[in-house]
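# Structure assessment
Next come the chains, spelled out residue by residue.
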Amino acid sequence: MIIKEYIDRYNDYAKAGDRLYTDARPLIDRGEKLNFDMIGLDAVSTVFLNASLGHLMDDYGIERVKKSFRFTNLLRSQADRIRKYFTDYEEVYQKA
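These lines cover the structure that appears in this document, whether it is placed above or below. On a predicted model such as this, the values are computed, not experimentally measured, just so you know. (Residues numbered from 1 in each chain as written. Predicted model: local features only at pLDDT ≥ 70, side-chain atom pairs only at ≥ 80, totals over all residues. Heavy atoms only, no water.)

Our focus in this paragraph is the packing of aromatic side chains. Counted by the stated rule, this structure contains two aromatic pairs. Between Phe36 and Phe71 the ring centres are 5.3 Å apart and the planes differ by 90°, which places this aromatic pair in the edge-to-face class. Here Phe36 is found in strand 1 (residues 34-37), whereas its partner Phe71 is found in strand 2 (residues 69-72), with 35 residues between them in sequence. Here Phe36 falls in the buried class, since its relative accessible area comes to 1%. Site record: aromatic cluster; members linked through ring pairs are Phe36, Phe69 and Phe71. (Phe/Tyr/Trp six-rings, centres within 6.5 Å; stacked < 30°, edge-to-face > 60°. Helix = DSSP H or I, 4+ residues; strand = E, 2+ residues; numbered from the N terminus. Buried < 20%, exposed > 50% of the residue type's maximum accessible area, 1.4 Å probe, protein only.)

Between helix 1 (residues 3-10) and helix 2 (residues 13-29), the least distance of the axes is 8 Å, while the angle of their chain directions is 130°. With respect to each other, helix 1 and helix 2 are oriented oblique. Of the two elements, helix 1 crosses helix 2, and the hand of that crossing is right-handed. Contacts from Ile3, Tyr6, Ile7 and Tyr10 of helix 1 reach helix 2 at Tyr13, Lys15, Ala16, Arg19, Leu20 and Asp23. (Axes fitted to C-alpha atoms, helices over the stretch in contact; angles between N-to-C directions. Parallel < 35°, antiparallel > 145°, perpendicular 65-115°, else oblique. Left-handed = near helix turned anticlockwise from the far one by under 90°. Contact = heavy atoms within 4.5 Å.)

Glancing now at helix 2. The end-to-end C-alpha distance of helix 2 is 24 Å, a good match for the 24 Å that 17 residues give at a rise of 1.5 Å each. Among the residues of helix 2, those classed as buried are Ala16, Gly17, Leu20, Tyr21, Ala24 and Ile28. Residues of helix 2 that are buried in the fold lie against helix 1, strand 1, helix 3 (46-60), helix 4 (62-68) and strand 2. Its side-chain oxygen 3.0 Å from the backbone nitrogen of Ala14, Asp12 forms the N-cap of helix 2. Looking at the residues trailing helix 2, positive phi occurs at Gly31, about 80°. (Expected span 1.5 Å × (residues − 1). Polar contact = N/O pair within 3.5 Å; in protein donor to acceptor, adjacent residues only side chain to side chain.)

This part covers the nonpolar core. Ile3, Leu53, Leu56, Met57, Val65 and Phe69 are the most contacted members of the largest nonpolar core, which totals 26 residues. Elements supplying a minimum of two residues to this core: helix 1, helix 2, strand 1, helix 3, helix 4 and helix 5 (76-95). With six residues, the single largest contributor to this core is helix 3. (Core = buried A, V, L, I, M, F, W, Y, C linked by side-chain atoms within 4.5 Å.)

By the definition in use, this model includes seven salt bridges. Between Arg19 and Asp23 there is a salt bridge, with its nearest N and O atoms 2.7 Å apart. Separated by four residues within a single helix, Arg19 and Asp23 lie in helix 2, roughly one turn from each other. For Arg19, a relative accessible area of 33% puts it in the partly exposed group. Ionic pairing is found between Arg30 and Glu32, a salt bridge with its closest N-O pair at 2.8 Å. (Salt bridge = Lys/Arg side-chain N within 4 Å of Asp/Glu carboxyl O.)

Structure (structure tokens):
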């Protein structure tokens, strides 16, 4: 899954994230590993992450999502941002 293609196709972070969520669900249900290719992206928006990874974590839990995804062509800043997103999500929902 080339993330930039989703963002370019929909030109809207929420819609792109929703589409990625829709495409990822059946793959996760089958136990497949998903590759998020970050090529061509400088940053990852919170809106996109909420609509895609956040929604998937709501459905499947953080551990299953972490085990289902692999990221490639990831900049250090993107890796840090995604790592922080997972950490923040976990902190919020452990308190709930």
